[in-house]
Amino acid sequence: MEAAALQTIRYAVEDGVATITLDRPAQKNALDMKMRTELAEAMGTVRRDRGIHALVLTGAGGAFCAGGDIRGMQSGEGTAEEGRNRMLDLHLWVEELINFDRPVIAAVDGPAFGAGFGLALAADFVLATPRARFCLSFLKLGLIPDCGVFYTLPRVVGLQRAKELAFSAREVGAEEARQLGIVAEIHEPEAIAGRARQIALSFTNASLTALSISKRAFNASPTSTLGALLEMEAAGQGVARSSEYHRKAVAAFLNKEPPPFAWPK
């Protein structure tokens, strides 16, 4: 995609890592229709580029995403069908993000409210700064959670806690979010981008085959039977064991060489 033509996001690829930066800092990176369109285009580009091994999602100007742009919401205008169609357009790229077959790291600084909370939950790993705040603010506007929250949040915190967060519409700080399992790590604002990129770069040395199969199995786990998951495990392991990556990793182990992949400390 043409980076120069983008108005609401920044998109960059370097060393096998794609970075999408929400870039409406004056609006705390709130989602408007233009940003939705550009995010959809960016996700299509990332999905098609097999040279990309990981994706970092972040926001500019000390905010992750304040949710939907309330100034663009005109209550009472448009039909229910038109509103549903707008959400279906949103779901096309949100589903791509959730099911993206490579690791996604969200680096959250400042507010992640409403749909912004949903975007963070779509990632595999959420890093946060001490000033990060998470809030399902939908009920304050008489709305229901969107951006995939009904799927993602109960899988992270459990059904009862997910209801409490949605029905109370309360803010959750970085430390509580870590205790709830929403946040994996907390880093200072000046360090979070570097840590997100460090994790993302580590995956350029990992097996994309193993990562893709594992992610699909984990995403399917809550609604699958033991038998179905064991079948996925058997078929997936058969593919992984036949890969050139596996053969080289075994050879390195036998030769007492360091493994090609290691989680960054």
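Parameters at a glance
- Residues numbered from 1 in each chain as written.
- Predicted model: local features only at pLDDT ≥ 70, side-chain atom pairs only at ≥ 80, totals over all residues.
- Heavy atoms only, no water.
- Helix = DSSP H or I, 4+ residues; strand = E, 2+ residues; numbered from the N terminus.
- Contact = heavy atoms within 4.5 Å.
- Salt bridge = Lys/Arg side-chain N within 4 Å of Asp/Glu carboxyl O.
- Phe/Tyr/Trp six-rings, centres within 6.5 Å; stacked < 30°, edge-to-face > 60°.
- Buried < 20%, exposed > 50% of the residue type's maximum accessible area, 1.4 Å probe, protein only.
- Lys NZ or Arg CZ within 6 Å of the ring centre and 35° of its normal.
- Pairing = 2+ DSSP bridges.
- Axes fitted to C-alpha atoms, helices over the stretch in contact; angles between N-to-C directions.
- 1 Å grid on protein atoms, 1.4 Å probe; cavity = no way out; pocket = protein on both sides within 12 Å on 5 of 7 lines; lining within 4 Å.
- Points joined across faces, edges and corners; volume = space filled by probe spheres on them.

**Student:** Is there a simple way to explain unusual backbone geometry in this structure?
**Tutor:** Comment: phi is negative for the bulk of residues other than glycine, and the bulk of peptide bonds are trans. Its identity as a non-glycine residue notwithstanding, Cys-147 has a phi of 60°, on the positive side. Structurally, Cys-147 is set in the loop between β7 (133–135) and α4 (149–157). The phi dihedral of Lys-256 falls on the positive side, at around 55°, and the residue is not glycine. Topologically, Lys-256 is positioned in the segment after α10 (244–254).

**Student:** Explanation requested: the environment of Ile-213 in the structure shown.
**Tutor:** Here Ile-213 is to be found in helix α8 (residues 208–220). Contacts of Ile-213, omitting those with residues within four sequence positions, involve Gly-236 and Val-239.

**Student:** Would you explain the pattern of salt bridges in this entry?
**Tutor:** Side chains that carry opposite charge are capable of pairing whenever their charged atoms lie near each other. All chains considered together, the criterion is met by 17 salt bridges. Each member of the salt-bridge network shares a partner with another, and the members are Arg-161, Glu-164, Arg-170 and Glu-176.

**Student:** Would you explain the packing of aromatic side chains in this entry?
**Tutor:** For any pair of aromatic rings, geometry is given as the distance between the ring centres together with the angle between the planes. Enumeration over the complete set of coordinates arrives at five aromatic pairs. The interplanar angle of 15° and the centroid separation of 6.2 Å between the aromatic rings of Phe-125 and Phe-203 together place this pair among those described as stacked. Linking Phe-125 in strand β6 (residues 125–128) with Phe-203 in the loop between α7 (189–202) and α8, this pair joins segments that are 78 residues apart in sequence. For Phe-125, a relative accessible area of 26% translates into the label partly exposed. Exposure remark for Phe-203: the relative accessible area of 4% places this residue in the buried category. Counting every residue linked through ring pairs, the aromatic cluster contains Phe-125, Phe-203, Phe-261 and Trp-263. Above the face of the Tyr-151 ring, Arg-155 is positioned so that its terminal group lies 3.6 Å from the ring centre.

**Student:** Explanation requested: the sheet that holds β7 in the structure shown.
**Tutor:** Pairing between sheet strands relies on hydrogen bonds along the backbone, with the strands arranged either parallel or antiparallel. With mixed pairing, the three strands of this open sheet are ordered in space as β5-β7-β8. At either end of the open sheet lies a strand with only one pairing partner, and these are β5 (111–113) and β8 (171–173). Looking at each pair of strands side by side, their axes are set apart by 20° on average, direction ignored. Relative to β8, β7 is paired through three bridges, and the arrangement is antiparallel.

**Student:** Before we go on, may I ask you to explain empty space enclosed by the protein in this structure?
**Tutor:** Sizing a probe to match a water molecule and rolling it over the atoms shows the empty space that remains. Tallied over the entire structure, the rule returns one cavity of 30 Å³ or more. Estimated volume of the largest cavity: approximately 60 Å³. Forming the boundary of the largest cavity are Ile-20, Leu-39, Met-43, Leu-55, Leu-57, Trp-93, Leu-97 and Leu-119. Looking at the lining of the largest cavity, the elements with two or more residues in it are α1 (33–48), β3 (54–59) and α2 (80–99).

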